[in-house]
Amino acid sequence: MSEICVIGSCSMDLVVTSERRPKAGETVLGTDFQTVPGGKGANQAVAASRLGANVYMVGKAGNDSYGKAIIENLKANGVNTDHMETVTHKKSGTAHIVLAEGDNSIVVVKGANDDISPDYAKSALAKLPGIDIVLIQQEIPEETVEEVCSYCRAQQIPVILNPAPARPLKQSTIEDAAYLTPNEHEASILFPDRTKEEALAGYPGKLFITEGKQGVRYSDGTAERLIPAFPAEAVDTTGAGDTFNAALAVALAEGRDIEQALLFANRAASLSVQHFGAQGGMPARKEVEELLS
Ligand code: RIB
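Residues numbered from 1 in each chain as written. Predicted model: local features only at pLDDT ≥ 70, side-chain atom pairs only at ≥ 80, totals over all residues. Heavy atoms only, no water.

Caption draft 1: Representation of the overall build of the chain within the structure. For the chain, the helix and strand inventory stands at ten helices and 13 strands. At 18 Å, the chain has a C-alpha radius of gyration in line with the 19 Å of a compact globule built from 293 residues. Counting all 293 residues of the chain, 52% fall into the buried class. Here the analysis covers contacts within the chain between residues at least 6 apart in sequence; of these, 67% occur between residues at least 24 apart. Accessible area for the chain stands at about 12,600 Å²; split by element, carbon and sulfur atoms hold 50% of it. Treating the 26 positive side-chain charges of the chain as one cloud and the 39 negative ones as another, the clouds have centres 2 Å apart. (Helix = DSSP H or I, 4+ residues; strand = E, 2+ residues; numbered from the N terminus. Rg over C-alpha atoms; globule rule 2.2 N^0.38 Å. Buried < 20%, exposed > 50% of the residue type's maximum accessible area, 1.4 Å probe, protein only. Contact = heavy atoms within 4.5 Å. Areas by Shrake-Rupley, 256 points an atom, 1.4 Å probe, with all protein chains shown as cover. Lys, Arg positive; Asp, Glu negative; His and termini not counted. Charge placed at Lys NZ, Arg CZ, Asp CG, Glu CD.)

Caption draft 2: Local environment of the site of the ligand. Every residue close to the ligand is listed here: D13, G38, G39, K40, N43, A95, V108, E139, T238, G239, D242 and A278. The separation between an oxygen atom of the ligand and a polar main-chain atom of G39 is 2.8 Å. Between the ligand and K40 there is a distance of 2.8 Å, counted from an oxygen atom to a side-chain nitrogen or oxygen. Within the complex, the protein chains bury 95% of what would otherwise be the 270 Å² of accessible surface of the ligand. (Near = heavy atom within 4 Å. Polar contact = N/O pair within 3.5 Å; in protein donor to acceptor, adjacent residues only side chain to side chain.)

Caption draft 3: A look at the sheet that holds strand β7 (residues 103–109). If you trace the four strands from one edge of the open sheet to the other, you get β3-β2-β6-β7, paired in mixed fashion. Looking along the sheet, the strands with just one partner apiece sit at the ends: β3 (30–38) and β7. Going across the sheet, the axis of each strand differs from the next one's by a mean of 20°, ignoring polarity. In this structure, strand β2 (residues 11–18) lies alongside β3, joined through eight bridges in antiparallel fashion. Considered in β3, the bridge of M12 is made with P37. Helix α2 (residues 65–76) rests against β2, β3 and β6 (93–100) of the sheet, and its axis sits at about 100° to β2. (Pairing = 2+ DSSP bridges. Axes fitted to C-alpha atoms, helices over the stretch in contact; angles between N-to-C directions.)

Caption draft 4: Representation of α2 within the structure. Taking 1.5 Å as the rise per residue, α2 with twelve residues should run 16 Å; its terminal C-alpha atoms sit 16 Å apart, in good agreement. Here α2 has its buried residues at G67, I70, I71, N73 and L74. What you see down the axis of α2 is that its buried residues fit within an arc of 160°, all on one side. Of the exposed residues in α2, the ones pointing more than 90 degrees away from its buried face are S65, K68 and A76. Its buried side turned inward, α2 meets β2, β3, α1 (40–50), β4 (54–62) and β5 (84–87). Once α2 ends, the next one or two residues include G78, with phi positive near 80°. (Expected span 1.5 Å × (residues − 1). Arc of directions from axis to C-beta.)

Caption draft 5: Layout of the state of the cysteines. Following the criterion strictly, the structure yields zero disulfides and no others. The structure places no disulfide on C5, whose sulfur is separated from the nearest cysteine sulfur, that of C152, by 7.8 Å. Judged by its relative accessible area of 0%, C5 is buried. The thiol of C149 is unpaired, and the distance to the nearest cysteine sulfur, on C152, comes to 7.0 Å. The class for C149 is buried, based on a relative accessible area of 0%. (Disulfide = S-S within 2.5 Å.)

Caption draft 6: How the structure looks around the sheet that holds strand β9 (residues 159–161). Reading across the sheet, the six strands line up as β5-β4-β1-β8-β9-β10 and stay open at both edges, with parallel pairing between neighbours. Edge strands, defined here as strands with exactly one partner in the open sheet, are β5 and β10 (179–180). Two strands pair when backbone bridges link them, and β9 and β10 are joined in this way by two bridges, in the parallel orientation. Residue pairing in the sheet places L161 in a bridge with L180 of β10. The strands touched by helix α3 (residues 118–126) are β1 (3–7), β4, β5 and β8 (133–136); relative to β4, the strand with the most contacts, the crossing angle is about 150°. Packing of helix α4 (residues 142–154) onto the sheet brings it into contact with β1, β8 and β9, and relative to β8 it is tilted by some 170°.

Caption draft 7: A look at the packing of helix α8 (residues 240–253) against helix α9 (residues 258–272). Direction vectors running N to C along α8 and α9 enclose 145°, while the axes themselves pass 8 Å from each other. Remark: the crossing between α8 and α9 carries right-handed chirality. Where α8 abuts α9, its residues A240, T243, F244, A247, L248, V250, A251 and L252 lie against A261, L262, F264, A265, N266, A268, A269 and S272. Partitioned by chemical class, the residues of the contact of α8 with α9 number 13 nonpolar, three polar and no charged. (Left-handed = near helix turned anticlockwise from the far one by under 90°. Nonpolar A, V, L, I, M, F, W, Y, C, P; charged D, E, K, R; others polar.)

Caption draft 8: A look at the pairing of β7. Of the pairings in the sheet, the one linking β6 to β7 comprises seven bridges and is antiparallel in character. Looking across to β7, one finds that A100 is bridged to D103. Counted along the chain from β6 to the antiparallel partner β7, the turn is two residues long, and its residue E101 has a positive phi close to 50°.

Caption draft 9: Molecular detail of the UniProt feature "binding site: ATP" (unreviewed entry) in the chain. Within this numbering scheme, the UniProt entry marks N183, T210, E211, G212, K213, Q214, G215, G241, D242 and N266 as carrying the feature "binding site: ATP" (unreviewed entry). Structurally, G212 can be placed in the loop between β11 (209–210) and β12 (215–219). Its location among the elements puts G215 in strand β12. Setting aside its immediate chain neighbours within four residues, G215 contacts I209, T210, L226, I227, P228, A229 and N266. (UniProt positions renumbered as here; feature names shortened; annotations may be inferred.)

Structure follows, in structure tokens:
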């Protein structure tokens, strides 16, 4: 069984469904409101666990009802929470999501996620020998992402850095990560002086640019390759990127080559969008295998 450590945000998603999103200064009537577990880190941990990995979540939650529910949800999904800390001076992270016109808009309040310090993350990692791959995203402090990538490179633990939400990265962090998985917008922030083609060619087998319904693009060192997405009736795309990253981690940790790993990740992501909520549609291993066969 592959061993995956996720370092990242655990939040509660407050989701409003509406015909259309309000313009600035406008009020519209919504059709539904739900509270569901989310946060990019927790989403990736739950997705990887459902896909059959042994998953450790390193993160923080507030000492409040959301925090309790966040940790219970991780446990219920088979994720190890020994390195989840409850803090008393900050509330749990929340994501305020509007689902309208076939897409989501999200405002994240980091809360306790902002307390995941470099030392906290590295000391948890040091207590977890045998990790095959680390997954990290950007709803936590910048210096934690930087130091974890550098620590893991020194320890020869591959890191998948999912640079979401977008923010510029130091060149050293780009080099320290084993894999980068931006969407097109995030890629343009990471590589402001390069075209997409130049960025891909500069990082063969490492930079995977996700293009939504199109699929995922990378360079194999000789040419650019597009691994197409699988068609799906999308109910809610929230968490599709997290499912993609988690499935990629699982497939790479199991030794699949890049093309096979990206196919596996695309399949898992296509299943995830077919249900409401970031984690609602995350597939079990069997569902992905059935679809691939
Ligand atoms: O990637 C989706 C996640 O981003 C949501 O679950 C929400 O928590 C936001 O952080």
